[in-house]
Amino acid sequence: MIDPKFLRENPDAVRAGIAKKHIKCDLDAILALDEKRRALISEAESLRAKQKAANNDMAQLPKGSPEFIAKVQEMKAVSAEVKAADAELGAIEAEWNESMLNIPNLPDESVPEGRDESENVVVREHGEVPADADYQKAHYDIDWIEQILDLRRGAKVSGAGFPFFVGDGAKLARGLINFFLNEGSDAGFQEIGVPFLVNAESATATGQLPDKEGQMYQTVEDGLYAIPTAEVPLTNFFRDEIIDEADLPIYRCGHSACFRREAGSHGKEVRGLNRVHQFDKVELLKWVKPETSMDELESLREYAESLLVKLGLPFRTLLMCGGDMGFTNCKQYDLEVYAAGQKRWLEVSSCSNFGSFQARRAKIRYRNAETGKPEILHTLNGSGLAVPRVFVAIIENGLQEDGRIRLPDALVPYVGKQFIEKL
RNA sequence: GGAGAGAUGGCAGAGUGGUCGAAUGCGGUGGUCUUGAAAACCAUUGAGCCGAAAGGUUCCGGGGGUUCGAAUCCCUCUCUCUCCGCCA
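Sequence order as written defines residue numbering, which begins from 1 separately in each chain. All chains are assigned letters beginning at A, and all ligands numbers beginning at 1, according to the order in which they are written. Totals for whole chains, interfaces and linings use all residues, but because this is a predicted model, local features are given only for residues with pLDDT of at least 70 and pairs of side-chain atoms are given and counted only at 80 or more. Side-chain figures throughout are based on the complete set of non-hydrogen atoms in the structure, without hydrogens or water.

### Examining the pattern of salt bridges
A pairing counts as a salt bridge when a side-chain nitrogen of Lys or Arg comes within 4 Å of a carboxyl oxygen of Asp or Glu. Throughout the structure, instances matching the rule amount to 25 salt bridges. Between Asp168 and Lys417 there is a salt bridge, with its nearest N and O atoms 2.8 Å apart. One end of the pair, Asp168, is in helix 6 (residues 168–186); the other, Lys417, is in the loop between helix 12 (412–415) and strand 17 (419–420), and 249 residues separate them in sequence. For Asp168, a relative accessible area of 16% puts it in the buried group. The exposure class assigned to Lys417 is partly exposed, which follows from its relative accessible area of 31%. Under the DSSP-based scheme used, a helix requires at least four consecutive residues in state H or I and a strand at least two consecutive residues in state E, with every element numbered from the N terminus. A simple rule labels every residue: compare its accessible area, found with a 1.4 Å probe on the protein chains alone, to the largest value its type can have, and call it buried under 20%, exposed over 50%, or partly exposed in between.

Structure, rendered in structure tokens:
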């Protein structure tokens, strides 16, 4: 949620920010609602002040006295007015609140203009894109792929997009999770095990609701949401809390399965492991002081990049343009790894600064040591990294002329071998 | 799943219809004293919203109700604890 005061005082700046993101949003209606809301608050509060004053007087009157009885009669009318005012205010406030939740975060000045992905800016390229060769194959075209990755049976058991990892494939997937978690810990991100189901409050705080309603799986009996990313439980860890300034910044990481309905996604870009309904990911989280968040975003991006460097995978980093970035962030980098078989770039990490947007929704504050007052902090997160597409890149880039798949050296201790080959 | 108990400020813990945002203790902060520290003593110490400010108002797990008035009474939900059952 953006700062309501900022909106009130700088509606044009907000309008410009929303336009940069190419999102439609009726600000005038929200501003009118806000004005009405504030007028109603004053009205309701002065009525209540009257009631309270009368209440104090009555406390001193003898219970059955004529003055007391007269006062009760008089206050009955005020009581009715207070109830009416509260009801009206409650309705307006709910409407205003819902509208506020539908205003996206505003992009930072440094975010490039642009409508869609074609206007993202490549800010870094690393590693050699492998030269074309006859033996290169998309992972789903390798004839023995079912030995390590069984999509067919996944579809039977759960549905399309729920892969089975088998044998060395399972070891590689788990090896990646362990590699990412260990690297995260070494880099100062405290490891956290997270719940995979969350309640609506949590999903709202991080911005999945109401924006992405329908993209999450939901349980029937309890109305819980299957998390689309560990970002949700990790960020909500400190919901409604005030953190000591001395404890900032806080760095954490956590692995989870991520569940995404991907309603509306079809076509060849979703083949194989490219886009699935359930996948593993290690997520990185930062809680920081506002003035440091842009620097923290750069170091977060550099850390995520360092994982791909260690895995020896060619990648590029994109600074997302206004129109292609998420609803909740003010600046976002995407890391894309090159998959030699499909000859295309696959997004394996998204590193975002949310500014105060999530923290305001989640009421995560820190106590300013100088003023002693609570202030909204800033949150950031980034994938470090998503497993399946890294898995794809390792398979496709590691596939050799002899048909064996050479694993990155960094993973050999995790998988226990250098090559995966047809049995 | 069944039975019972409970949920109050950073923590502990009073308050069971009316000047209660809430006693008291601990903790925190500032001060006095001291060469310094400790102890003792004094003061201070929750959050949100509206307001330029003065000030006002809300919040005693969440929601609803009764009442002129609710931390206090009623309903409901959630969570915690104890016991029983079941179970990875």
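### Examining a nonpolar patch on the surface
To count toward a patch, a residue needs a relative accessible area over 30% and no salt bridge; like charges are then connected within 9 Å, while nonpolar side chains (Val, Leu, Ile, Met, Phe, Trp, Tyr) are connected within 5 Å. Note that accessible areas follow from Shrake-Rupley with a 1.4 Å probe, and for residues the cover is restricted to the protein chains shown. On the surface, Val157, Phe164 and Val166 cluster together to form a nonpolar patch covering roughly 240 Å² of accessible area. Structurally, the position occupied by Val157 is in helix 5 (residues 151–157). Judged by relative accessible area, which is 53%, Val157 ranks as exposed.

### As for the sheet that holds strand 15 (residues 378–386)
Spatially, eight strands are ordered 1-10-11-12-15-9-8-4 in an open sheet, and the strand pairing comes out mixed. Each of the sheet's edge strands pairs with one partner strand only, and the pair in question is strand 1 (121–126) and strand 4 (190–193). Adjacent strand axes in the sheet meet at a mean angle of 25 degrees, parallel and antiparallel pairs treated alike. Any pair of residues with heavy atoms lying within 4.5 Å of one another is described as a contacting pair. For helices, the fitted axis covers only the stretch in contact; all axes are lines through C-alpha atoms, and the angles between them, taken along N-to-C directions, range from 0 to 180 degrees. Seen against the sheet, helix 6 touches strand 4, strand 8 (250–259), strand 9 (278–288) and strand 15 and runs at an angle of roughly 165 degrees to strand 8. Packing of helix 11 (residues 387–398) onto the sheet brings it into contact with strand 9, strand 11 (331–339), strand 12 (344–353) and strand 15, and relative to strand 11 it is tilted by some 30 degrees. One bridge is not enough; two strands pair if DSSP finds at least two bridges between them.

### Structural notes on the protein's contact with RNA strand B
We call a residue near a molecule or strand when any one of its heavy atoms sits within 4 Å of it. Taken together, 25 residues are adjacent to RNA strand B, and Arg38, Asn55, Ala59, Lys76 and Ser79 come closest. A breakdown of the atoms of RNA strand B within 4 Å of the protein gives sugar and phosphate a share of 67%. We call two N or O atoms a polar contact when they sit within 3.5 Å, provided that within protein one can donate a hydrogen and the other can accept it, with sequence-adjacent residues counted only if both atoms are side-chain atoms. In the model, a base nitrogen of RNA strand B is placed 3.0 Å from a nitrogen or oxygen of the Glu45 side chain. Top contributing element to the surface near RNA strand B by residue count: helix 3 (residues 27–60), with 13 residues.

### Observations concerning the packing of aromatic side chains
Ring geometry is summarised as follows: Phe, Tyr and Trp rings, the Trp one being its six-membered ring, pair when their centres sit within 6.5 Å, and such pairs are stacked at plane angles under 30 degrees, edge-to-face over 60 and tilted between the two. Across all of its chains, the model carries 10 aromatic pairs by this definition. Plain terms: the ring middles of Phe179 and Phe180 are 5.7 Å apart, the flat faces sit at 55 degrees to each other, and that makes the pair tilted. The pair Phe179 / Phe180 is uniform in exposure class, with both members buried. Centre to centre, the rings of Phe189 and Tyr251 are 5.1 Å apart; their planes meet at 25 degrees, and the pair counts as stacked. Highlighted residues: Phe189 in the loop between helix 6 and strand 4 and Tyr251 in strand 8, separated in sequence by 62 residues. On the basis of relative accessibility, which here comes to 23%, the residue Tyr251 falls in the partly exposed class. Among the aromatic residues, those joined into a ring-pair cluster are Phe179, Phe180 and Tyr414. Each ring is checked for a lysine NZ or an arginine CZ that lies within 6 Å of its centre and within 35 degrees of its normal; such an atom marks a charge sitting over the ring. The aromatic ring of Trp96 is capped on one face by Arg37, whose charged end is 3.8 Å from the ring centroid. Taking the ring centre of Phe237 as reference, the NZ or CZ of Arg252 above it sits at 4.2 Å.

### Remarks on helix 2 (residues 11–20)
Taken residue by residue, helix 2 has Pro11, Val14, Gly17, Ile18 and Lys20 as its buried positions. Among the structural elements, helix 1 (4–9) and helix 3 are those in contact with the buried residues of helix 2. Once helix 2 ends, the next one or two residues include His22, with phi positive near 60 degrees.

### Focus on the sheet that holds strand 14 (residues 374–376)
As a general point, the strands of a sheet are linked pairwise by backbone hydrogen bonds and lie either parallel or antiparallel. Taken in spatial order, the three strands line up as 7-13-14 in an open sheet, and their pairing is mixed. In this open sheet, the two strands that pair with only one neighbour each are strand 7 (241–244) and strand 14. Each strand axis lies, on average, 40 degrees off the axis of its neighbour in the sheet, ignoring direction. Relative to strand 13 (residues 364–367), strand 7 is paired through four bridges, and the arrangement is parallel. When the bridges of strand 13 are listed, Asp244 appears paired with Arg367.

### Looking at helix 11
With 12 residues, helix 11 should cover 16 Å at 1.5 Å per step; its first-to-last C-alpha distance of 16 Å lies within 8% of that length. Counted residue by residue, helix 11 has 11 buried out of 12 residues, so it is predominantly covered. For a helix, the expected span equals 1.5 Å multiplied by the residue count minus one.

### A word on the nonpolar core
What makes a nonpolar core is a set of buried Ala, Val, Leu, Ile, Met, Phe, Trp, Tyr and Cys residues whose side-chain atoms join them at distances within 4.5 Å. In terms of nonpolar packing, the biggest core is built from 54 residues, with Leu172, Leu176, Phe180 and Val390 touching the most fellow members. In contact with Leu172, other than residues within four places in its own chain, are Phe391, Ile394, Ile395, Leu407, Leu411, Val415 and Ile420. By size, the runner-up hydrophobic cluster in this structure holds 28 residues, among which are Ile30, Leu33, Ala44 and Phe68.

### Looking at unusual backbone geometry
Residues Leu209 and Pro210 are joined by a peptide bond in cis, for which omega reads -5 degrees. Considering the arrangement of structural elements, one finds Pro210 in the loop between helix 7 (200–205) and strand 6 (225–226). Looking along the chain, the bond that leaves Leu248 and enters Pro249 is cis, with omega of -5 degrees. Mapped onto the elements of the fold, Pro249 is located in the loop between strand 7 and strand 8. Although it is not a glycine, Glu262 adopts a positive phi angle of roughly 50 degrees. Residue placement: Glu262 occurs in the loop between strand 8 and strand 9.

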